[in-house]
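Understanding the architecture of this molecule
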Amino acid sequence: QILPVAHTKIHPDQKLGESVQQLLLAKIAVYLMTFLIVTVAWAAHVRLFQVIELIDDVLALLNLACMMIITFLPYTFSLMASFPEVPFGIFLFSVCAVVIGLIQAVIVAYGFYHPHLLNQQIQVSENQNFYKRRILKIILRGPVLCFLAAVFSFFFIPLSYVLLGLVIVFPHLTRFITWCKTKIVGQRDEGEEHHSLETFTFYLSEPLSKERVEAFSDGVYAIVATLLILDICEDNVPDPREVEEKFHGSLLEALSEYGPNYLAYFGSFVTIGLLWFVHHSLFLSITKATRLMELLNILSLAFIGGLPLAYQLTSEFAEKSHNEIEAIQVSCVITFFASIFQFAIWTTALLHERETLHPFARYGGKEHAFMFAKLALYPCVSLGAFFLTCLLSEFSTAIFHLMQIVIPFAFLALRIFVRISLTVIKSVMSLSTRKVVLLEEEEACLSPTET
């Protein structure tokens, strides 16, 4: 989904500030919206295969058709991003979303027509129709809104975008309304039969498993890292005729022209790799993901998907130009938001640490301080680099590349730094405690003599 944004052509004589307003802002907004819609479709797909556990040839082909439409979505997004005011782009995207939902609904109908493919609990249940309606409701609520968006795209495009936005917030909105009803009306008293009926549907309403969230996140990181090298292969291989004529056949001399591009590539790859490392460390500490943590993780991944754009900008304006500072600041902002949402996941987990965190990562655990420092490093450094480039604009390139070089070594030295800091804090605390104890002893010794 990020490719149309990352490949936006900005001419060197065109100011990046104007380009962001005219070219990038609309594309970034559409990218974020479509990325979040794809994550909603992915979550529905996961729920679907919680119900259907076995797959035969027909289900495999139906799922393959679903995957084919999903892989076509980036093209429809390109049309939406390039022509935001033309109805066909949003119409095509919405139609693809509707087709995906219909295929998933056919998978559900086929699965319930052949009960041996279903989850074991549903197979033995006498209320299969209830389960069928429940999973269809989860799958089809997004496509219904997309169908309305497709219809209104030819009459009133802003309403279509609002309806697509509702696809993202609708699950959270319905849960919020249910929570409000529960608080106002109170929990209904339900019999044993209904309780047994709800056992599996409650599982469907639970947040996705930590393993599924990790698998999806790893996939996003892998794709983003691959996009970087694709850009290198596409734009930074010199033409053989140019090498022969301009550089007298010297390939090394020709490649030296692309030096800043390689530097930007390695810096961007290190950023992606270290953010993945932090994400991996974070989820090693987590035992259970809540819905809020899943939402924050998706927002973090959305900005991770923007890192190819950061690479494209910093490599394109690597030489000193009036666009250089703006390009570096955009990169710092993307990195900041990608990392601050990771920190927010950690903060959210701490609110319910007994349910969500391993004992070693909880407050007072042996890894708590280290995890805090590891997750705070990128937000602090990227924010610091942003303000330094504002104050010291002449050295913006040096500051940005220094940040990219220093952070890997900072991660290596972080554990030592945290241990030294904790030792110093404990020493100071023990000294203050000793002073208090000595003062109390002196007061105790003096009190009898005074009496």
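What you are looking at is a predicted structure, and each value in this text was computed from that prediction instead of being measured.

Here we come to the overall build of the protein. If you tally the helices and strands in the protein, you get 18 helices and 0 strands. For the protein, the proportion of its 451 residues judged to be buried stands at 43%. Sequence-distant contacts in the protein: of pairs separated by 6 or more residues, those separated by 24 or more amount to 78%. Summing over all exposed atoms, the protein offers an accessible surface of approximately 24700 Å²; the carbon and sulfur share of this is 68%.

If you look at the biggest cluster of nonpolar residues, it comprises 91 residues, and the most contacted ones within it are Ile52, Phe112, Leu164, Leu282 and Leu307. A total of 11 residues in this core trace back to one element, the largest contributor, which is helix H4 (residues 87-113). Looking at which domains feed residues into this core, each of domain 1 (2-205) and domain 2 (210-435) gives three or more.

On to the side chain of Ser339, then. Relative to the helices and strands, Ser339 resides in helix H15 (residues 324-351). Among the polar contacts listed, one links the side chain of Ser339 to the backbone oxygen of Thr335, at a separation of 2.9 Å. Side-chain polar atoms of Ser339 contact the backbone oxygen of Phe336, separated by 2.9 Å. If we ignore the near neighbours within four places in the chain, the residues touching Ser339 are Leu275, Tyr378, Pro379 and Ser382.

On to the side chain of Thr39. Structurally, the position occupied by Thr39 is in helix H2 (residues 16-51). Side-chain polar atoms of Thr39 contact the backbone oxygen of Leu36, separated by 2.5 Å. Dropping the residues within four chain positions of it, Thr39 is found in contact with Phe216 and Ile298.

Across the protein, pLDDT averages 76, with 75% of residues at or above 70. By mean pLDDT, the top-scoring element of the protein is H4 (88), and the lowest-scoring one is helix H8 (residues 192-205) (46). Predicted confidence is poor over residues 189-202, with pLDDT under 50, and the contacts of this stretch with residues over four places away or in other chains come to 17 contacts.

To continue, consider a nonpolar patch on the surface. A cluster of nonpolar side chains, Val144, Phe147, Leu148, Val151, Phe152, Phe154, Phe155 and Phe156, forms an exposed patch at the surface whose accessible area comes to about 800 Å². Tracing the backbone through its elements, the reader meets Phe147 in helix H6 (residues 128-152).

All chains considered together, the criterion is met by 10 aromatic pairs. Where Phe303 meets Phe337, the ring centres are 5.2 Å apart and the plane angle is 20 degrees; that geometry is what we call stacked. One end of the pair, Phe303, is in helix H13 (residues 291-304); the other, Phe337, is in helix H15, and 34 residues separate them in sequence. Since its relative accessible area comes to 31%, Phe337 is described here as partly exposed. Between the aromatic rings of Phe336 and Phe337, the centroid separation amounts to 5.4 Å while the plane-to-plane angle is 75 degrees, which identifies the pairing as edge-to-face. An aromatic cluster is built from Phe303, Phe336, Phe337 and Phe341, whose rings are joined through pairwise contacts.

Axis separation between H4 and helix H7 (residues 157-185) bottoms out at 11 Å; the angle between their running directions is 30 degrees. As far as their axial angle goes, H7 and H4 are roughly parallel. In this structure, the crossing between H4 and H7 has a hand that is left-handed. Together, Pro87, Ile90, Phe93 and Ser94 of H4 and Ile157, Ser160, Tyr161 and Leu164 of H7 make up the contact between the two elements. For the contact of H4 with H7, the class distribution of residues is 6 nonpolar, 2 polar and no charged.

About the criteria used
Starting afresh in each chain, residues are numbered from 1 along the sequence in its written order. Residues qualify for local features only when their pLDDT is at least 70, as the model is predicted, and side-chain atom pairs are given and counted only at 80 or more; totals for whole chains, interfaces and linings, by contrast, use all residues. To obtain the side-chain values, all non-hydrogen atoms of the structure were included, while hydrogens and water were left out. Labels follow the DSSP assignment, with helices taken as runs of H or I lasting at least four residues and strands as runs of E lasting at least two, numbered in each case from the N terminus. For each residue, the accessible area found with a 1.4 Å probe, counting protein chains only, is set against the maximum for its type, and the residue is called buried under 20%, exposed over 50%, and partly exposed in between. Working rule for contacts: check all heavy atoms of both residues, and any pair within 4.5 Å makes them a contact. Under the convention used here, a 1.4 Å probe and the Shrake-Rupley method define accessible areas, while residue burial counts only the protein chains that appear. The term nonpolar core refers to a set of buried residues drawn from Ala, Val, Leu, Ile, Met, Phe, Trp, Tyr and Cys, joined through side-chain atoms within 4.5 Å. Start and end positions for the domains come from either an automated domain assignment or a database one. Definition of a polar contact: a pair of N or O atoms within 3.5 Å, with one able to donate and the other able to accept a hydrogen when the atoms are protein atoms, and with sequence-neighbouring residues admitted only if both atoms are side-chain atoms. The quantity called pLDDT is the predictor's confidence in a given residue, expressed from 0 to 100. Exposure above 30% relative accessible area and no salt bridge define the residues that can form patches, which grow by joining like charges within 9 Å and nonpolar side chains of Val, Leu, Ile, Met, Phe, Trp and Tyr within 5 Å. The working definition used for a salt bridge is a side-chain nitrogen of Lys or Arg within 4 Å of a carboxyl oxygen of Asp or Glu. Classification of ring pairs rests on two measures: the distance between centres of Phe, Tyr or Trp rings, Trp counted by its six-membered ring, which must be within 6.5 Å, and the angle between planes, read as stacked under 30 degrees, edge-to-face over 60 and tilted in between. To obtain each axis, a line is fitted to C-alpha atoms, and for helices this fit is confined to the stretch in contact; angles are then taken between N-to-C directions over 0 to 180 degrees. In what follows, roughly perpendicular refers to angles from 65 to 115 degrees, roughly parallel to angles under 35, roughly antiparallel to angles over 145, and oblique to any angle outside these ranges. Take the far helix as your reference; a near helix turned counterclockwise from it by less than a right angle gives a left-handed crossing, and one turned clockwise gives a right-handed crossing. In this classification, the charged set is Asp, Glu, Lys and Arg, the nonpolar set is Ala, Val, Leu, Ile, Met, Phe, Trp, Tyr, Cys and Pro, and all remaining amino acids, among them Gly, are polar.

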